[in-house]
Amino acid sequence: MLEKIFFGSLRSVRASFRASQLICVRGSWLPLAKHYFDNAGVQHWELQFDPRLSQWQPYTTGPRSLVAMLEKMEKEFNTEEIIEEFEALTKDAERIQRDTLRKILEENGGTEIADGDSSPILTGKPITTISLSSGTTQGKPKLVPFNDELMATTMQINVTSFAFRNREFPILNGKALQFIYSSKQFKTKGCLTAGTATTNVIRNSHFKKTMKSMQSSCCSPDEVIYGPDFHQSLYCHLLCGLIFHNEVQLISSTFAHSIVHAFRTFEEVWEELCTDIRVGVLSSRVTDPSVRTSISKLLKPDPGLADIIYQKCSGLSNWYGLIQVLFPNAKYIYGIMTGSMEPYVNKLRHYAGEVPLLSADYGSSEGWIGANVNPKLPPESATFAVLPNIGFFEFIPLRTNVEGQEQDQTESTIISLEPKPVGLTEVKVGEEYEVIVTNFAGLYRYRLGDVVKVMGFHNNTPELQFVCRQNLLLTINIDKNTEKDLQLSVETAAKLLSEEKLELVDFTSCADFSTDPGHYVIFWEVSGEASEDVLKECCNCLDKSFVDAGYVSSRKVNAIGALELRVLRSGTFHRIIDHYVGLGSALNQFKTPRCVGPANTTVLQILGNNVVKSYFSTAF
């Protein structure tokens, strides 16, 4: 089993790869492999024996290596060839997974985890870059290794999903209005370059080449993307979009939140943007010299365009269909719209009008997992087909009754209580799992913390639907409410705001233990001032909408106190964004923390300082 490969030093793992040996991975024997040593003593693998076919096969993790694939894609983009290659990979998913694991272990088998050692650590090839996660989950960013292989998998995911999108919504030499922002990179104590995951991708030379081959060049100059102030960059992104309004064929950002945030900002600055276009002079709100210089090369006096934009915006009702009106040739809007981004989909759909919303691929700062190869599905139903050659994937079943798995008596009782992981091709449709990743960038059996549901299979690889984060829980007593439970409760209660033609701008929560008993606190920012009666009703509705048995029974006996709804001052969540950007996060990587833990003191302080009203539930 895989555990027996990983437990013990990685050096012993490498030593286990010898000709005339088989390695058993979860009941399947890995094929024999032939190797040779070159004059420098470097080991090379050239053939593998497939016992099913009783013959030797070329040693490979797919039709061609990730880096070779990337180099070819930069030169030319062939939609059908990319799709054909994806079909070949997914039809042979089980073998590709075995080969991928072998390649990871072969490349990294000589590494050791050591403090202060200059020899290879985690990976055989040097790690030169560190990616920072957004930090919104735990309150501070995680530092994750980033290397060329991870960059190649990023581009492979991008081009795979683009190929399927392009078959349904062809892009023809247009421009992309991309709300992307590159935060500053810095050097770690060990002289590694560190930056957000999106920054490391955007600044990589392969990114722009691949985007160009996909005919998806950003309409904003690099100086705007790399600008030091995201408020100024956002304003310029909007301005560039208007300048090239007839050429824009897609609107995108990493997360749906960034797109919604951009067009909420547009509501506030649209008249100023019209003035800039009319007179051909950039607003004084943009102060960075390099950004101003780059925009001045694009911005010329155009009173006619300014009049068209002004008339279009003036004719809208509550900004419905804004994107469709401003960008008449836009084929679709693209960004991650699942999980914590799902609450923004309705607002984005409001701005979009008839322009389709397409959910982006499934991944994290730690790496990518699956591509959206069914782009016509609505965001709420989006699934992601796992690419079997970008990492080795395992899945911990979340069912309470796991059949066919015997308890390993050699493991401790605590460990044995958790079901054993199953392989990529062993998952079952309809079941939920926690994802485990082993990749080329030094993560070994890394628990991603994501819960996914298997919705079906594309050939022999599963199509996953993101459910929620495993560790984001509201809990006081015996209750356990996930991010998804919170989202459903908020969605139900927020419908009451529509009676007063208001909407929920954003929300978060925390478990408050300062009272006895402890209670849930839900923070809301509302688009206007709601009546007392409606807000009290919303508070009761929130409380009743948590249907977890542990929560309901605890509320009935007062083991959990009355839920509290705290209404926030307008702009509070903008202040939270400013806080995370100040920590080094990029705006397009920002995710509103849905459950703020006690260690996240700064965010709790921002929330506490901006409460304008508070209500306690009387539902129980």
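Here we summarise the structure given alongside this text. Every chain is numbered on its own, with residues counted from 1 as its sequence reads. For this predicted model, a pLDDT threshold of at least 70 governs which residues receive local features, and a threshold of 80 or more governs which side-chain atom pairs are given and counted, while totals over whole chains, interfaces and linings are taken from all residues. Heavy atoms from the whole structure form the basis of all side-chain values; hydrogens and water molecules are not counted.

Quick notes on the overall build of the chain
In this text, helices come from DSSP runs of H or I with a minimum length of four residues, and strands from runs of E with a minimum of two, each type numbered from the N-terminal end. When helices and strands are tallied, the chain shows 21 helices and 27 strands. For the chain, contacts bridging at least 24 residues in sequence account for 69% of all contacts bridging at least 6. In what follows, a contact means two residues having at least one pair of non-hydrogen atoms within 4.5 Å.

Concerning helix α5 (residues 93–108)
The terminal C-alpha atoms of α5 lie 22 Å apart, and with 16 residues this matches the ideal 22 Å at 1.5 Å per residue to within 8%. Of all 16 residues that make up α5, 14 are buried, and the element is covered over most of its length. A helix is expected to span 1.5 Å multiplied by its residue count minus one. Accessibility here uses a 1.4 Å probe with only protein chains present; expressed as a share of the type maximum, an area under 20% marks a residue as buried, one over 50% as exposed, and anything in between as partly exposed.

As for the nonpolar core
Ranked by size, the top nonpolar core spans 78 residues in total, and within it I251, F263, F266 and I333 carry the most contacts. A per-element tally of this core places helix α11 (residues 256–279) first, with eleven residues. If we ignore the near neighbours within four places in the chain, the residues touching I333 are I251, I259, I323, L348, A352, V355, P356, L357 and L358. Judged by nonpolar contacts, the second largest core, of 31 residues, contains F86, V373, L387 and L424. Only buried residues count toward a nonpolar core, which is a set of Ala, Val, Leu, Ile, Met, Phe, Trp, Tyr and Cys residues joined through side-chain atoms within 4.5 Å.

Things to note about the state of the cysteines
Whenever a pair of cysteine sulfur atoms sits within 2.5 Å, that pair is classed as a disulfide. Taken as a whole and judged by the stated rule, the model has zero disulfides. Free cysteine C510: the closest other cysteine sulfur is in C595, separated by 7.5 Å. The class for C510 is buried, based on a relative accessible area of 8%. Cysteine C538 shares no disulfide, and the gap to the nearest cysteine sulfur, in C541, comes to 7.1 Å.

Points about the environment of P356
Looking at the secondary structure, you find P356 in the loop between α15 (345–352) and β13 (357–359). By relative accessible area, which is 29% here, P356 ends up partly exposed. Note: C-alpha distance between P356 and Y334 (22 residues apart in sequence) is 8.7 Å. The contact partners of P356, leaving out residues within four places of it in the chain, are F169, K331, Y332 and I333.

Let's talk about the sheet that holds strand β11 (residues 248–255)
Overall, parallel pairing links the four strands, which are arranged β8-β11-β12-β13 in an open sheet. The outermost strands of the open sheet, each flanked by one partner alone, are β8 (175–178) and β13. Between one strand axis and the next, the sheet turns by 25 degrees as a mean value, whatever way the strands run. Angular values range over 0 to 180 degrees, each being the angle between N-to-C directions of two axes fitted as lines to C-alpha atoms, with helices fitted over their stretch in contact. In this fold α11 packs onto β8, β11 and β12 (332–336), with an angle of close to 120 degrees to the strand it touches most, β11. Relative to β13, α15 is tilted by about 140 degrees, and along the sheet it contacts β12 and β13. Two strands qualify as a pair provided that DSSP identifies no fewer than 2 bridges between them.

Digging into the side chain of H257
Among the secondary structure elements, H257 is positioned in helix α11. Given a relative accessible area of 7%, H257 falls into the buried group. With near-sequence residues (within four places) excluded, H257 lies in contact with M341, Y344, D506, I577, F590 and T592.

Regarding the pattern of salt bridges
Take a side-chain nitrogen of Lys or Arg and a carboxyl oxygen of Asp or Glu: if they are within 4 Å of each other, that pair is a salt bridge. Under the definition given, this model contains 20 salt bridges. In this structure, K376 and E168 form a salt bridge, with 3.3 Å as the shortest nitrogen-oxygen distance. Of this pair, K376 sits in the loop between β15 (367–371) and β16 (384–386) while E168 sits in helix α6 (residues 148–168), and the two are 208 residues apart along the sequence. Take K376: its relative accessible area is 61%, and that puts it in the exposed class. The residue R566 makes a salt bridge to D512 at a minimum N-O spacing of 3.4 Å. A residue pair is termed long-range when its members are at least 10 positions apart, and R566 in strand β26 (residues 564–568) and D512 in strand β24 (residues 504–512) qualify at 54 residues. The residues R566 and D512 share a single accessibility class, namely buried.

Comments concerning the sheet that holds strand β14 (residues 362–364)
Remark on secondary structure: sheet strands pair via backbone hydrogen bonds, oriented parallel or antiparallel. Spatially, eight strands are ordered β14-β15-β16-β21-β20-β19-β17-β18 in an open sheet, and the strand pairing comes out antiparallel. The two strands at the open ends of the sheet, each matched to only one other strand, are β14 and β18 (422–423). Judged from the two bridges that link them, strand β17 (residues 392–397) and β18 form a sheet pairing that is antiparallel. Within β18, the position partnered with E394 by the bridge is G423.

Some points on the pairing of β11
Two faces, one strand: in a regular strand the side chains alternate between the faces of the sheet. The buried fraction of β11 is high, at seven of eight residues. Of the strand pairs in this sheet, β8 and β11 are connected by four bridges, and their pairing is parallel. Paired with K175 across the bridge in β11 is V248. Note that β11 and β12 share four bridges and pair parallel. Residue pairing in the sheet places S252 in a bridge with Y334 of β12.

Quick notes on the packing of aromatic side chains
The geometry of an aromatic ring pair is captured by two quantities: the separation of the ring centres and the angle between the planes. A pair of Phe, Tyr and Trp rings is counted when the ring centres sit within 6.5 Å of each other, with Trp represented by its six-membered ring. The angle between the planes then sorts it: under 30 degrees is stacked, over 60 is edge-to-face, the rest tilted. Applying the stated criterion across every chain yields a total of 14 aromatic pairs. Between the aromatic rings of F395 and Y433, the centroid separation amounts to 6.1 Å while the plane-to-plane angle is 75 degrees, which identifies the pairing as edge-to-face. In this pair, F395 is assigned in strand β17 and Y433 in strand β19 (residues 432–438), connecting sequence segments 38 residues apart. A relative accessible area of 0% means that F395 is categorised as buried. Looking at Y433, the relative accessible area reads 2%, which means it is buried. Ring pairing ties together the aromatic residues F266, W270, Y310 and W319, which thus form one cluster. By definition, being over a ring means that NZ of Lys or CZ of Arg is both within 6 Å of the ring centre and within 35 degrees of the ring normal. For R594, the ring lying beneath its charged end belongs to F507, and the centroid distance is 4.1 Å.

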